[in-house]
Protein chains: 2
Amino acid sequence: MSVDLPEPGTVRPGGRTARVRSAVLRAAADALIEHGFGHIDLADIARRAGVGKTTVYRRWGTVPGVVADLLAQMAETSQPRSDTGTLRGDLLALAHLIRRTLTDPLQGPLFKAVIAAATCDEQAAEALHRFYAIRIAEWAPCVERAAERGEVPAATDAAEVVRAVSAPLYYRLLASGEPLEPAAADRAAEAAAVAAEAGAFAP
Amino acid sequence: MSVDLPEPGTVRPGGRTARVRSAVLRAAADALIEHGFGHIDLADIARRAGVGKTTVYRRWGTVPGVVADLLAQMAETSQPRSDTGTLRGDLLALAHLIRRTLTDPLQGPLFKAVIAAATCDEQAAEALHRFYAIRIAEWAPCVERAAERGEVPAATDAAEVVRAVSAPLYYRLLASGEPLEPAAADRAAEAAAVAAEAGAFAP
DNA sequence: CTGTAAACACAACTGGAGTTCCATTATGAG
DNA sequence: CTCATAATGGAACTCCAGTTGTGTTTACAG
């Protein structure tokens, strides 16, 4: 019989422990951007963070474990959303925000890496889903306000509209591989707006 | 100075070489389904295929290398597309085909794995993009016929409509993690059809 | 049918990712 | 401030994924 030991870092979360976590997550992001999810090891992350590799193995265990914690931290920082006064304007701003993020030379590879980690590890997958649940909830009010203004049916599923804007851009990044041009963001926003107005997201 | 040696398997592609490739790709698919992209090694694939691991390392080199070849083989087998006579009917059939594929206990994990491989390796990424280019081209005629019937503007980008149907389902699988219910396929098809009819894909 | 070299199998080897052990540091309660 | 111990650091160790070297099988040209 094994006793339930506390996870490392949960009993004394202050001072050094917090500094180590911060340094490791920052180093992990750098390493993921530089090498991608496939060619990374925890020893390299530890070296970059100026931390013993034993510490990293003990607290996080695996690369997806670090990614899961990194995603939890990324979920804490919220992106400010637009309020242009029209659904089209807001969705266009969202689409271009996503496009800029995914084509950014730093954030693009990072998002690819965390998604790759999520396909390999259940813990990372759950962290990724929480991350997107938060981001989607942050933008849902755009659609809800459009419903109040009468631009879309009152029963419209706001989160589904936000997902409809995001999906084509991620599909290009991960599956089909077409370049993420600004025109693609325009079409994603326009298509989602038209479909929402027609009640395609209000069952 | 190094001489340009031919790739293994290119000079004598018949008989044994073909059998080995077939066995290895089948074993690779099984292993990817069972363990996922993250927890796989070529020695295991070689064992399953009943082949020396040296052979696998020499011909394919890495796991993403095997995945790239597997995708090339997957691209050869074409899925029959529907012809219901209406754009809505065809897109609905496409959406449900994709949903069934991604929720299939065998094909779902396989697709997750090959997409993970593509995010880690350029060679696998190119193979994946070729795979989707072919699948999308196979379904584009649905939209082209709809254009001939006058259901959508003549200038409609057929491939973009097909991608618009696919994207929300892949987004759920890879990013947001919501379950892939039949209703999600219905909405993806409906939203794409509405947007196409409104000319959102005809710039 | 025969010969040659392309492709493969087997075994020994190697490097480094991940583990273990123990010493050291410093958090947080009293 | 003091003390118990949570958390980290460093080095030695283990194990196996991936490599290399060598001999065998077999596709295919002539």
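Note that this is a predicted model, so its numbers are computed, not measured.

1. Observations concerning the overall build of chain A
Assigned secondary structure in chain A consists of nine helices and zero strands. Counting helices and strands in the order they occur from the N terminus, chain A gives α-α-α-α-α-α-α-α-α. Each of the three principal axes of chain A carries a C-alpha extent, and together these read 55 × 35 × 30 Å. Here chain A holds 203 residues, and 53% of them are scored as buried. Entry remark: accessible area of chain A is about 9,400 Å², with carbon and sulfur atoms responsible for 53%. One finds the centroid of the 22 positive side-chain charges in chain A at a distance of 8 Å from the centroid of its 25 negative side-chain charges.

2. Quick look at the protein's contact with DNA strand D
In the vicinity of DNA strand D there are 26 residues, among which Arg12(A), Thr54(A), Arg59(A), Arg12(B) and Lys53(B) approach most closely. Backbone sugar and phosphate groups make up 56% of those atoms of DNA strand D lying within 4 Å of the protein. One of the side-chain nitrogen or oxygen atoms of Thr54(A) is found 2.8 Å away from a base oxygen of DNA strand D. One nitrogen or oxygen atom from the side chain of Asp41(B) is found 3.3 Å from a sugar or linking oxygen belonging to DNA strand D. Of all the elements in the fold, those that place two or more residues in the surface near DNA strand D are α1 (16-35) and α3 (53-59) of chain A together with α1 (16-35) and α3 (53-59) of chain B. The residue makeup of the surface near DNA strand D, split by class, is seven nonpolar, nine polar and 10 charged.

3. Observations concerning the protein's contact with DNA strand C
Lining the immediate surroundings of DNA strand C are 23 residues, of which Arg12(A), Val11(B), Gly52(B), Thr54(B) and Thr55(B) lie closest. Taking the atoms of DNA strand C that fall within 4 Å of the protein, sugar and phosphate contribute 63% of them. A distance of 2.9 Å separates a phosphate oxygen of DNA strand C from a polar side-chain atom of Tyr57(A). Within the residue set of the surface near DNA strand C, elements represented by two or more residues are α1 and α3 of chain A together with α1 and α3 of chain B.

4. Observations regarding the pattern of salt bridges
Residue and element names in this part refer to chain B. Taken as a whole and judged by the stated rule, the model has 28 salt bridges over all chains. Taking the shortest distance from any N to any O, the salt bridge between Arg 149 and Glu 151 comes out at 2.7 Å. Glu 151 gets classed as partly exposed once you look at its relative accessible area, which sits at 25%. Residues Arg 163 and Glu 160 are paired through a salt bridge, measuring 2.9 Å at the closest nitrogen-oxygen approach. A residue pair is termed a helical-turn pair when its members lie 3 or 4 positions apart in one helix, as Arg 163 and Glu 160 do in helix α8 (residues 158-176) at three residues.

5. Observations concerning the packing of aromatic side chains
This structure, assessed with the given rule, holds 10 aromatic pairs over all chains. The rings of Phe111(A), Phe131(A), Tyr132(A), Tyr170(A) and Tyr171(B) are connected pair by pair, giving a single aromatic cluster.

6. Description of the relation of the copies chain B and chain A
The two copies are related by a screw operation: chain B maps onto chain A through 180 degrees of rotation and 0.0 Å of translation along the axis, at an RMSD of 0.0 Å. Interpreted geometrically, this transformation is the action of a two-fold axis. The share of interface residues of chain B whose copies in chain A are also at the interface is 100%, consistent with both copies meeting through the same surface.

7. Regarding helix α9 (residues 182-197) of chain A
An ideal rise of 1.5 Å per residue puts 22 Å on 16 residues; α9(A) measures up with 23 Å between its terminal C-alpha atoms. Buried residues of α9(A): Ala184(A), Ala185(A), Arg187(A), Ala188(A), Ala189(A), Ala191(A), Ala192(A), Ala193(A), Val194(A), Ala195(A) and Ala196(A), and no others. Close packing links the buried residues of α9(A) with α5 (87-103) and α8 (158-176) of chain A together with α8 and α9 (182-197) of chain B. Remark: Gly199(A) follows α9(A) within two positions and exhibits a positive phi of approximately 85 degrees.

8. Here we look at the nonpolar core
Counting residues in each nonpolar core, the largest one holds 154 residues, and the members touching the most others are Tyr132(A) and Tyr132(B). Not counting residues within four places of it along the chain, the set of residues in contact with Tyr132(B) comprises Tyr171(A), Ala175(A), Ser176(A), Phe111(B), Ile115(B) and Tyr170(B).

9. Remarks on helix α7 (residues 122-149) of chain B
Structural remark: α-helix, 3.6 residues per turn; residues separated by three or four positions point the same way. All names here are of chain B. With 28 residues, α7 should reach 40 Å at 1.5 Å per residue; the first-to-last C-alpha distance of 41 Å fits that figure. Of all the bends found along α7, the most pronounced is centred on Trp 139 and spans about 30 degrees, while Pro 141, a proline, follows it within four residues. Of the residues that open α7, the one with a side-chain oxygen 3.0 Å from the backbone nitrogen of Gln 123 is Asp 121. Among the residues trailing α7, Gly 150 stands out with phi positive, at a value near 85 degrees.

10. A look at the confidence of the model for chain A
Confidence along chain A averages 95 in pLDDT terms, with 98% of residues attaining 70 or more. On the interface metric, ipTM, the complex scores 0.93, and its pTM is 0.94.

11. With respect to the interface of chain B and chain A
With 34 residues of chain B in contact, the opposing surface of chain A contributes 34 residues. Around 3,100 Å² of area is buried between chain B and chain A when both sides are counted, 68% of it from carbon and sulfur atoms. Counting across the chain B and chain A interface gives six salt bridges. Ionic pairing is found between Glu178(A) and Arg163(B), a salt bridge with its closest N-O pair at 2.9 Å.

12. A closer look at the packing of helix α6 (residues 107-120) of chain B against α7(B)
Residue and element names in this part refer to chain B. As a packed pair, α6 and α7 sit with axes 6 Å apart at the nearest point and diverge in direction by 130 degrees. When the axis of α6 is compared with that of α7, the two are oblique. Crossing geometry of α6 relative to α7 is assigned as left-handed. Residues Phe 111, Val 114, Ile 115, Ala 117, Ala 118 and Cys 120 of α6 form the contact with α7, whose own contacting residues are Glu 122, Ala 124, Ala 125, Leu 128, Phe 131 and Tyr 132. Taken together, the residues of the contact of α6 with α7 break down into 11 nonpolar, no polar and one charged.

Calculation rules
- Residues numbered from 1 in each chain as written.
- Chains lettered and ligands numbered in written order.
- Predicted model: local features only at pLDDT ≥ 70, side-chain atom pairs only at ≥ 80, totals over all residues.
- Heavy atoms only, no water.
- Helix = DSSP H or I, 4+ residues; strand = E, 2+ residues; numbered from the N terminus.
- Buried < 20%, exposed > 50% of the residue type's maximum accessible area, 1.4 Å probe, protein only.
- Areas by Shrake-Rupley, 256 points an atom, 1.4 Å probe, with all protein chains shown as cover.
- Lys, Arg positive; Asp, Glu negative; His and termini not counted.
- Charge placed at Lys NZ, Arg CZ, Asp CG, Glu CD.
- Near = heavy atom within 4 Å.
- Polar contact = N/O pair within 3.5 Å; in protein donor to acceptor, adjacent residues only side chain to side chain.
- Nonpolar A, V, L, I, M, F, W, Y, C, P; charged D, E, K, R; others polar.
- Salt bridge = Lys/Arg side-chain N within 4 Å of Asp/Glu carboxyl O.
- Phe/Tyr/Trp six-rings, centres within 6.5 Å; stacked < 30°, edge-to-face > 60°.
- Least-squares fit on C-alpha atoms with pLDDT ≥ 70 in both.
- Contact = heavy atoms within 4.5 Å.
- Expected span 1.5 Å × (residues − 1).
- Core = buried A, V, L, I, M, F, W, Y, C linked by side-chain atoms within 4.5 Å.
- Bend = angle between axes of the 7 residues up to and from the residue.
- pLDDT = per-residue confidence, 0-100.
- Buried area = accessible area lost by both parts, 1.4 Å probe.
- Axes fitted to C-alpha atoms, helices over the stretch in contact; angles between N-to-C directions.
- Parallel < 35°, antiparallel > 145°, perpendicular 65-115°, else oblique.
- Left-handed = near helix turned anticlockwise from the far one by under 90°.

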